[in-house]
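Architecture at a glance
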Amino acid sequence: MKKSTPPPGKTASWMIDQRIKELGDWRGETLARLRTLIKQADPDVVEEWKWNVPVWSHDGIICTGETYKKAVKLTFAKGAKFRDASGLFNSSLEGNTRRAIDFCEGDKINEKGFKDLIRAAARYNMALK
C-alpha cells in the first residue's frame, strides 16, 4: 500500500471526514459511528491518515478503518496480543499479530464491547512504552 498524507493545510481528521462523506451510504454511517465510539473510549486517541485510510493511535496504532464494498473493516494492529472479552474479532484470525472486525450492512455494533476493545488496545500500546 502506498503511504499517504493529507494535502497541505488539511488534517487527518479532515481526510476522515471526507472519506465518510464520499462513501455516502451505510459504510460512511458505520465508519462515522465507529469513529465516535473510538473517541469516546479513548479521549486521547490521535487521528492519522496513512496508507490512504483512517488510523487511530495512542502510543502506537490502535486500529485502521478500511472500507470495502460489503464491509467496514477495523484492523487492530496488535489485536492478537490482548484479550477480546466480547468476542468481536471476526476476521484476520490466523496471524500472530493483527485481528480485525468486519462490520457488514445491518450489523448491530456491540458498543460496550467495542469500547472495551479500544481501551485494551490503548493499554497494550502504553504498556510497551
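Everything numeric in this text was worked out from a predicted model, so none of it was measured.

**Quick word on the pairing of strand β5 (residues 99-103)**
With four of five residues buried, β5 is to be regarded as a mostly interior element. With five bridges connecting them, strand β4 (residues 72-76) and β5 associate as antiparallel partners. Paired with Phe76 across the strands is Arg99, a residue of β5.

**Some points on the layout of surface pockets**
Counted as a void, the largest pocket has a volume near 240 Å³. Lining the largest pocket we find 11 residues, and of these Trp51, Thr64, Glu66, Thr75 and Arg98 sit closest to its centre. Those elements that place two or more of their residues in the lining of the largest pocket are β3 (61-67) and β4. Grouping the amino acids of the lining of the largest pocket by side-chain chemistry returns five nonpolar, three polar and three charged.

**As for the packing of aromatic side chains**
Going through the model one piece at a time under the given rule, you end up with five aromatic pairs. A ring pair is formed by Phe76 and Phe114, whose centres lie 6.5 Å apart and whose planes are at 80°; its orientation type is edge-to-face. Of the two residues, Phe76 sits in strand β4 while Phe114 sits in helix α3 (residues 111-128), which places them 38 residues apart along the sequence. There is no split in this pair, since Phe76 and Phe114 are both buried. A ring pair is formed by Phe103 and Phe114, whose centres lie 6.2 Å apart and whose planes are at 80°; its orientation type is edge-to-face. Placement of the pair is Phe103 in strand β5 and Phe114 in helix α3, with a sequence separation of 11 residues. On the accessibility criterion, Phe103 (8% relative accessible area) is buried. The class for Phe114 is buried, based on a relative accessible area of 0%. An aromatic cluster is built from Phe76, Phe82, Phe89, Phe103, Phe114 and Tyr124, whose rings are joined through pairwise contacts. Just above the ring of Trp14 sits the side chain of Lys10; from NZ or CZ to the centre is 4.7 Å.

**Focus on the sheet that holds β4**
The strand order across the open sheet formed by five strands is β1-β2-β3-β4-β5, and the pairing between neighbours is antiparallel. Whereas interior strands pair on both sides, the edge strands pair on one side only; in this sheet they are β1 (46-50) and β5. Looking at each pair of strands side by side, their axes are set apart by 25° on average, direction ignored. Contacts from α3 reach β3, β4 and β5, with the element oriented near 135° to β3.

About the cut-offs
- Residues numbered from 1 in each chain as written.
- Predicted model: local features only at pLDDT ≥ 70, side-chain atom pairs only at ≥ 80, totals over all residues.
- Heavy atoms only, no water.
- Buried < 20%, exposed > 50% of the residue type's maximum accessible area, 1.4 Å probe, protein only.
- Helix = DSSP H or I, 4+ residues; strand = E, 2+ residues; numbered from the N terminus.
- Pairing = 2+ DSSP bridges.
- 1 Å grid on protein atoms, 1.4 Å probe; cavity = no way out; pocket = protein on both sides within 12 Å on 5 of 7 lines; lining within 4 Å.
- Points joined across faces, edges and corners; volume = space filled by probe spheres on them.
- Nonpolar A, V, L, I, M, F, W, Y, C, P; charged D, E, K, R; others polar.
- Phe/Tyr/Trp six-rings, centres within 6.5 Å; stacked < 30°, edge-to-face > 60°.
- Lys NZ or Arg CZ within 6 Å of the ring centre and 35° of its normal.
- Axes fitted to C-alpha atoms, helices over the stretch in contact; angles between N-to-C directions.
- Contact = heavy atoms within 4.5 Å.

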